[in-house]
Amino acid sequence: MTSDRSQQGRRRIGVMFDRDRQPEELRPFAREVEDLGVDDLWVVEDLAWAGAMSSAALALAATERLRVGIGIAPAPLRNPALLAMELAMLERVFPGRLIAGIGHGAPEWMAQVGAGTPRKLALLEETIAAVKALLRGETLTVAGQTVRIDGVRLVHPPAAAPPVVAGVVRPRSLELSGRVADGTVIAEGQGPREVEAALRHIRKGVNAGAGEAGTPPHEVVVFTHLCVGDDPERVAAATAPIVEEYMGWLKVPADDVFLAAGPVATAAERIRSLWDAGADTVVLRPVGEDPAGQVRAALAELGRVV
């Protein structure tokens, strides 16, 4: 069974396979969340945790319906030709069930492996453009600022290219995403106000781009932490490390770090607020005990029970 990309017009919901979980837990977790009725399962590619391509392959093979998202592959670590080969393979074997995220990569991690670059914007734009062209089956020659490809064409391109989305944060990167990507991934910790602000930059890029007729609408995917619980002290204790981490990363005060946390009605209302702000897909990252149970409770409150 394949997923229907026309469903992007409705409010989609996904779940992240957290990077701290053991890799051998991925297949049973994927089957479990598929049984809950969510639309997506997202895997990550953070330095020293797990590779996104192998993770996506395992999740796709373990399920029948889920769309699997890669959130995100760092452009400095991934040659675009090799990345296109990997994505084409997954799309051909599991048609219609893949969405591929590409981003700048965390600067400190890229520096650790000698992949840092002063041309982050150029690298991301040229990588996304090259990957999309190769996935369309084109013979590609590029002599860009950062990407060099000479007459490469995939031997096994997919029948239809999967969406390629950009995982970005800052205004110029958001505009770039709107211009060249099929969608944008907005990271955890950002609430409705930040989503609305991001959309203004994304739309500027979309309007500047030269999209072809019939191109699907630009999809906005928002990640958010989920922590369902009636005990405020337990919820606060579970989410305190997250709040501290995202205060530093987003450079915002603690009260501005957005979480879908608290009693299930509160958590569900905060998920709805992201949809209302313009998110097409909200991806939940459960925190604390019984992640699947927390997702199940949130889905029930949202009226999304299978």
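Above this text is the structure in question.
Report on the accompanying structure. All of these numbers come straight from a predicted model, not from anything done at the bench. Positions within a chain are numbered from 1, following the residues in the order the chain's sequence is written. Predicted model: local features are reported for residues with pLDDT of at least 70 only, side-chain atom pairs are reported and counted for 80 or more only, and whole-chain, interface and lining totals are derived from all residues. Each side-chain value is derived from all of the structure's non-hydrogen atoms; neither hydrogens nor water enter the calculation.

**Section: the overall build of the chain**
Part 1: A tally of helices and strands in the chain yields 10 helices and 11 strands.
Part 2: On the principal axes, the C-alpha backbone points of the chain span a range of 60 × 40 × 40 Å.
Part 3: A 1.4 Å probe rolled over the protein chains alone gives each residue an accessible area, and that area as a share of the maximum for its type sets the label: buried under 20%, exposed over 50%, partly exposed in between. A buried classification covers 52% of the 306 residues belonging to the chain.
Part 4: Within the chain, contacts between residues at least 6 apart in sequence are counted, and of these 73% link residues at least 24 apart.
Part 5: To measure how exposed things are, a 1.4 Å probe is used in the Shrake-Rupley method; for residues, cover is taken only from the protein chains shown. Approximately 14,000 Å² of the chain is accessible, and the part contributed by carbon and sulfur atoms is 53%.
Part 6: Working convention for charge: Lys and Arg count positive, Asp and Glu count negative, and His plus the chain ends are omitted. Note on charges: their place is set at NZ of Lys, CZ of Arg, CG of Asp or CD of Glu. Of the charged side chains in the chain, 33 are positive and 40 negative, and the gap between their average positions amounts to 6 Å. Every helix listed is a DSSP run of H or I at least four residues long, and every strand listed is a run of E at least two residues long, numbered separately from the N terminus. Should any heavy atoms of two residues lie within 4.5 Å, those residues are considered in contact.

**Considerations on helix α9 (residues 264-277)**
Part 1: An ideal rise of 1.5 Å per residue puts 20 Å on 14 residues; α9 measures up with 20 Å between its terminal C-alpha atoms.
Part 2: Turning to α9, its buried residues number three or more, namely Ala 267, Ala 268, Ile 271, Ser 273, Leu 274, Trp 275 and Ala 277.
Part 3: Along its buried surface, α9 packs onto β1 (12-16), α7 (192-208), β9 (219-228), β10 (260-262), β11 (281-286) and α10 (291-301).
Part 4: Gly 278 lies just past α9 and shows a positive phi near 130 degrees. Helix span, as expected, comes to 1.5 Å for every residue beyond the first.

**Section: unusual backbone geometry**
Part 1: Here the amide bond leading from Gly 71 into Ile 72 is cis, since omega sits at 5 degrees, within 30 degrees of zero.
Part 2: Considering the arrangement of structural elements, one finds Ile 72 in strand β3 (residues 67-74).
Part 3: Although it is not a glycine, Lys 251 sits at a positive phi angle of roughly 60 degrees.
Part 4: Among the secondary structure elements, Lys 251 is positioned in the loop between α8 (232-250) and β10.
Part 5: Take Lys 251: its relative accessible area is 68%, and that puts it in the exposed class.
Part 6: In the Ramachandran plot, Asp 290 falls in the positive-phi region, its phi being about 50 degrees despite a non-glycine side chain.
Part 7: One can find Asp 290 in the loop between β11 and α10.
Part 8: Exposure remark for Asp 290: the relative accessible area of 52% places this residue in the exposed category.

**Some thoughts on the pattern of salt bridges**
Part 1: Whenever Lys or Arg places a side-chain nitrogen within 4 Å of a carboxyl oxygen from Asp or Glu, that contact is recorded as a salt bridge. Here the structure, examined in full by the defined rule, presents 18 salt bridges.
Part 2: Note that Glu 175 and Lys 204 form a salt bridge whose closest N and O atoms lie 4.0 Å from each other. In this pair, Glu 175 sits in helix α6 (residues 171-180) while Lys 204 sits in helix α7, placing the two residues 29 residues apart along the sequence.
Part 3: Judged by relative accessible area, Glu 175 falls into the partly exposed class, the value being 22%.
Part 4: Close ionic contact of Asp 256 with Arg 193 constitutes a salt bridge, the shortest N to O distance being 3.7 Å.

**Digging into the environment of Ala 61**
Part 1: With respect to the helices, strands and loops of the structure, Ala 61 is situated in helix α2 (residues 52-62).
Part 2: Between the alpha carbons of Ala 61 and Arg 92 there is a distance of 13 Å; along the sequence they are 31 residues apart.

**Quick look at the packing of aromatic side chains**
Part 1: Stacked, tilted and edge-to-face are the three classes applied to pairs of Phe, Tyr and Trp rings, where Trp contributes its six-membered ring and a pair requires centres within 6.5 Å; stacked means planes under 30 degrees apart, edge-to-face means over 60, and tilted covers the rest. Applying the stated criterion across every chain yields a total of 4 aromatic pairs.
Part 2: On the basis of an interplanar angle of 50 degrees and a centroid distance of 5.9 Å, the ring pair of Trp 49 and Trp 109 is categorised as tilted. Taken together, the residues span a long stretch of sequence, with Trp 49 in the loop between β2 (40-43) and α2 and Trp 109 in helix α4 (residues 107-112) at a distance of 60 residues.
Part 3: Charge-over-ring contacts are defined here by two conditions on Lys NZ or Arg CZ: a distance within 6 Å of the ring centre and an angle within 35 degrees of the ring normal. Sitting over the ring of Trp 49, Arg 19 keeps its end group 3.9 Å from the ring centre.

**Section: the side chain of Thr 127**
Part 1: Residue placement: Thr 127 occurs in helix α5 (residues 120-135).
Part 2: N or O atoms within 3.5 Å of each other form a polar contact, as long as, within protein, one can give a hydrogen and the other can take it, and as long as residues adjacent in sequence are counted only when both atoms are side-chain atoms. At 2.7 Å, the side chain of Thr 127 forms a polar contact with the backbone oxygen of Leu 123.
Part 3: Apart from the residues within four sequence positions on either side, Thr 127 is in contact with Ala 75, Pro 80, Ile 102 and Val 147.

**Considerations on the nonpolar core**
The nonpolar side chains of soluble globular proteins are, as a tendency, buried together.
Part 1: Buried residues of nine kinds, namely Ala, Val, Leu, Ile, Met, Phe, Trp, Tyr and Cys, make up a nonpolar core once their side-chain atoms join them within 4.5 Å. With 73 residues, the main nonpolar core has Leu 41, Ile 70, Leu 87 and Ile 271 as its most contacted residues.
Part 2: Take this core: its biggest share by element is 8 residues, from α5.
Part 3: When neighbours within four sequence positions are excluded, Ile 70 is seen to be in contact with Trp 42, Val 43, Ala 52, Met 53, Ala 56, Leu 87, Leu 98, Ile 99, Ala 100 and Gly 101.
Part 4: Counting residues in each nonpolar core, the second largest holds 10 residues, with Val 235, Ile 242, Leu 250 and Val 257 among its members.

**Things to note about α6**
Part 1: For α6, the complete set of buried residues consists of Ser 173, Leu 174, Leu 176, Ser 177, Gly 178 and Val 180.
Part 2: For α6, the secondary structure elements touched by its buried residues are α5, β7 (164-167), β8 (183-186) and α7.

Any functional reading would require information beyond the geometric quantities listed.
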